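Listed below, chain by chain, are the residues.
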Amino acid sequence: MNRFLAFGFGVVSYAVFFASFLYLVGFLGNVAVPKSIDAGEATALGGALLVDTALLLLFGVQHSVMARPRFKAWWTRIVPHAIERSTYVLASSAVLVATYALWQPIAAPVWSVANPIGASVLTGLFFAGVGLVLYSTFLIDHFDLFGLRQVVLYFRNREYRDRHFKLPLLYRLIRHPLYVGWIITFWATPVMSAGHFLFALVMTGYILVAIPMEERDLANVHGEPYRRWRERTPAFVPRVGARNPENAAPPIAAQLN
C-alpha cells in the first residue's frame, strides 16, 4: 500500500476516533452536543429498548471480534498490517456514530440527585472518569492503541514491533484502570434516565465479558510474566496497604490493550 495513503488513512481514522470520543462525553453528559442520550422525542418503549440494545450489542460484537488474534490474522490478508489497527479504530468510531444518530431516548428517571453538592460530586466523578480513560490510554501508548504509531512507522519505512511488557504507574495497582475510567464515566451522573441506565448496564456487562478474552490473548502473547502479574494484581480496586515488591520496579516490559 502506498505509504502516503496509509499515513493519510491512519490520520483520518484517528481524527474520527477523537471526534467520536469527545462527542461521547457530551452524549453521556447531556452537554454541548446536538443529540445526547436523553435528548429527542420519546418513542414506544419496546421499540426504544430493541433499537438501543441492538446498537450496544453491535458495538460489543464489533469491538471484541475485530480485536481477536484469529480475526486479525484473517483481516490482514485483506488489508495491510500497517492500517489494521486504524481500520479497527475507524470501525469502532462508525458504530459509535451510528449509536449517537439512532439512539432512542427513554426518559423515565432511575434516580435524580437534587442536592447541589451531590449533583456536583457526581458530575465531577463523570469528568474524572473521562480523564482516567484518556490518561490510561497514554500509560499504555495512546498513539499505538489508536493506530497512529503503526502508520507513522510505515510512512518512515521502519519496521513495526509490538511493545514489550511493562507496568506503568496505575497498572502496578490494578489491571484495568482504563475500564475503571469507563465504568465511572457510564454511571456517574446526577440524573440517571432509563435510557442512560440501559447504556451503562450493557456497556459494563460488555467490559466484564471482554476482560477474560483480552487477558487470555495477552497471556498467550506475553507468557508467564503476564500471568504472574495477573495473579497478583486486582482487576479494579487496589489492595489498600498491600505493597507488592514485584510491581514496584518491573524488570520486564508489554503493552496492555
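Here's a quick rundown of the structure. (Residues numbered from 1 in each chain as written. Predicted model: local features only at pLDDT ≥ 70, side-chain atom pairs only at ≥ 80, totals over all residues. Heavy atoms only, no water.)

Things to note about the environment of Gly-26
Argument step 1. Mapped onto the elements, Gly-26 comes out in helix H1 (residues 3-29).
Argument step 2. The exposure class assigned to Gly-26 is buried, which follows from its relative accessible area of 4%.
Argument step 3. Spatially, the C-alpha atom of Gly-26 lies 8.8 Å from that of Ile-37, the residues being 11 residues apart in sequence. (Helix = DSSP H or I, 4+ residues; strand = E, 2+ residues; numbered from the N terminus. Buried < 20%, exposed > 50% of the residue type's maximum accessible area, 1.4 Å probe, protein only.)

Quick notes on unusual backbone geometry
Argument step 1. A positive phi angle is found at Ala-32, which is not glycine, with a value near 65°.
Argument step 2. On the secondary structure map, Ala-32 appears in the loop between H1 and helix H2 (45-65).
Argument step 3. A positive phi angle is found at Asn-157, which is not glycine, with a value near 60°.
Argument step 4. Structurally, Asn-157 can be placed in the loop between helix H7 (148-155) and helix H8 (177-187).
Argument step 5. You can call Asn-157 exposed: its relative accessible area is 64%.

A few points about the nonpolar core
Argument step 1. Membership of the largest hydrophobic core comes to 53 residues, with the highest contact counts inside it found for Phe-27, Leu-28, Trp-182, Phe-186 and Phe-199.
Argument step 2. Considering each element in turn, this core owes the most residues, 11 residues, to helix H9 (residues 194-222).
Argument step 3. Once residues lying within four places of it in the same chain are set aside, the contact partners of Leu-28 are Ile-37, Phe-126, Thr-185, Phe-186, His-196 and Phe-199. (Core = buried A, V, L, I, M, F, W, Y, C linked by side-chain atoms within 4.5 Å. Contact = heavy atoms within 4.5 Å.)

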